Amino acid sequence: MAELISFTVPTESDKTVLVWELSAGPTAEALRHSVSAVFSRFGLLHSVRVFPNAAVARPGFYAVVKFYCATDARRAQKACDRKPLFQTSPVKVCLSTRHKAVHHQALALNSSRCQELANYYFGFNGWSKRIIKLQELPDLGNEELVVPALRKPSTKFFCAVEVVLPRYGCRSPGVGLAGEPVDGLEDGQLSFVMKRKTAQKLAIQRALSDAFQKLSIVVLESGKTAVEYRPSEETIDARSEEELQDLIQVSCISRNQPSQVEEEYLSDFSLEEEEFKM
């Protein structure tokens, strides 16, 4: 049976492994590294979190390990349950038993996580990204709702990218908007330049994450992978200047809406590397 892996934060119970009876001796951070080292052998991990036991229990820790793939989580549970792993006493490992009726809104992975997941399943050379357009937007604000005296100036950017999977003959477009306030900058021009670059990076990252949201990884029983592409209703083949201008105008109208995406890490993305590949 094939498994579908989306570029979203995993919340399913069958992708979550609980590790009990971790020793009280090491620190929580040391245990996190040890747990990560053991369970990453079974598949790519989204996160490993370590918590102290409740006050009514004996001293020690437990861990919550999230996999992207449910098959990897099951293999890890079977292989590690009641084994000492990295400590002298055995640990208990089980899959989460959270009620399946609980529904969580899918949270899109940030661009760094998306690239990590793509590298794991497609290989570093199995996919590429291309910036189609990176354009600064006029700072119009919301003319009807904001009092002019209270409107804060900002620098805003629109970005359109394309994720290419040549092996599967698949191209996925994505768009992103980002802005940074530039009022009251004490450091003058240098501070403005840094704010502008930050807005550029965030727009690129959000566009890249948006492109990956239209893709799903299909993991077959044989271990081979395929790709499912699901274009959204508003997706267009944004390659002509006219189409891009229309898309920018539509995006400007809704640019103040919050996006449900994991927090981005600017240090993980080099603008200079991508800036001249448009």
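Along each chain, residues carry numbers from 1 onward, in the same order as the chain's sequence is written. In view of the model being predicted, local features appear only for residues whose pLDDT reaches at least 70, and side-chain atom pairs are presented and counted only at 80 or more, with totals across whole chains, interfaces and linings using the full set of residues. Note that water and hydrogens are dropped before the side-chain values are worked out from all heavy atoms of the structure.

1. Points about the sheet that holds strand 6 (residues 128-137)
Part 1: Strands are labelled as partners when DSSP assigns at least two bridges between them. Only DSSP runs of H or I with at least four residues qualify as helices, and only runs of E with at least two residues qualify as strands; both kinds are numbered from the N terminus onward. On the basis of which strands lie adjacent, the open sheet formed by 3 strands has the order 6-7-8 and antiparallel pairing. Bordering the open sheet on either side are strand 6 and strand 8 (170-181), each of which pairs with just one other strand. Neighbour-to-neighbour, the strand axes of this sheet turn through a mean angle of 20°, independent of strand direction.
Part 2: The sheet contact formed by strand 6 and strand 7 (residues 154-165) spans 9 bridges and is antiparallel. The residue bridging K129 from the neighbouring strand is V163, located in strand 7.
Part 3: We call two residues in contact whenever any of their non-hydrogen atoms come within 4.5 Å of each other. Orientation is described by lines fitted to C-alpha atoms, with helices fitted over the stretch in contact, and by angles between N-to-C directions that extend from 0 to 180 degrees. Along the sheet, helix 4 (residues 189-212) contacts strand 6, strand 7 and strand 8; its crossing angle with strand 8, the most-contacted strand, is approximately 150°.

2. Topic: the environment of V9
Part 1: Here V9 shows up in the loop between strand 1 (3-6) and strand 2 (16-22).
Part 2: Separated by 58 residues in sequence, V9 and F67 have C-alpha atoms that sit 9.6 Å apart.

3. Description of the environment of V175
Part 1: Positionally, V175 belongs in strand 8.
Part 2: V175 sits 28 residues away from A203 along the chain, and the two C-alpha atoms are 8.0 Å apart.

4. Regarding the sheet that holds strand 3 (residues 45-52)
The strands making up a sheet associate through hydrogen bonds between their backbones, and the pairing can be parallel or antiparallel.
Part 1: Taken together, 4 strands build an open sheet; the order of strands is 3-4-2-5 and the sheet is antiparallel. Each of the sheet's edge strands pairs with one partner strand only, and the pair in question is strand 3 and strand 5 (92-95). The mean inter-strand angle of the sheet, taken between neighbouring strand axes irrespective of direction, is 20°.
Part 2: Where strand 2 and strand 5 come together, 4 bridges link them in antiparallel fashion. Across the sheet, residue W20 finds its bridge partner in strand 5, namely K92.
Part 3: The sheet strands contacting helix 2 (residues 70-80) are strand 2, strand 4 (61-67) and strand 5, and the helix crosses strand 5 at an angle near 155°.

5. Things to note about the pattern of salt bridges
Part 1: Any carboxyl oxygen of Asp or Glu that lies within 4 Å of a side-chain nitrogen of Lys or Arg is treated as forming a salt bridge with it. The full count for this structure, using the stated rule, is 12 salt bridges.
Part 2: Ionic pairing is found between E12 and K15, a salt bridge with its closest N-O pair at 3.7 Å.
Part 3: Note on classification: 1.4 Å probe, protein chains only; a residue is buried when its accessible area is under 20% of the maximum for its type, exposed when over 50%, partly exposed between these limits. Judged by its relative accessible area of 36%, E12 is partly exposed.
Part 4: R196 is the salt-bridge partner of E136, the closest N and O atoms lying 3.0 Å from each other. Placement of E136 in strand 6 and of R196 in helix 4 is noted, with a sequence separation of 60 residues between them.
Part 5: For E136, a relative accessible area of 33% translates into the label partly exposed.
Part 6: Where salt bridges share partners, they join E21, R58 and K92 into one cluster.

6. Here we look at the side chain of T8
Part 1: For T8, the location among the structural elements is in the loop between strand 1 and strand 2.
Part 2: Relative accessible area serves as the criterion here: at 17%, T8 is assigned to the buried category.
Part 3: Engagement of the side chain of T8 in a polar contact is seen with the side chain of S6, the distance being 2.7 Å.
Part 4: Once you skip the residues sitting within four places of it in the chain, T8 turns out to touch Y68, A106, L107, A108, L109 and Q213. Two N or O atoms count as a polar contact when they lie within 3.5 Å, although within protein this holds only if one can serve as hydrogen donor and the other as acceptor, and sequence-adjacent residues are included solely when both atoms are side-chain atoms.

7. A few points about helix 1 (residues 28-39)
Part 1: Between the first and last C-alpha of helix 1 there are 16 Å, a value that for 12 residues agrees with the 16 Å anticipated at 1.5 Å per step.
Part 2: Each element contacted by the buried residues of helix 1 is listed here: strand 2, strand 3, strand 4, helix 2 and strand 5. Between the first and last residue of a helix there are one fewer steps than residues, each counted as 1.5 Å, and that sum is the expected span.

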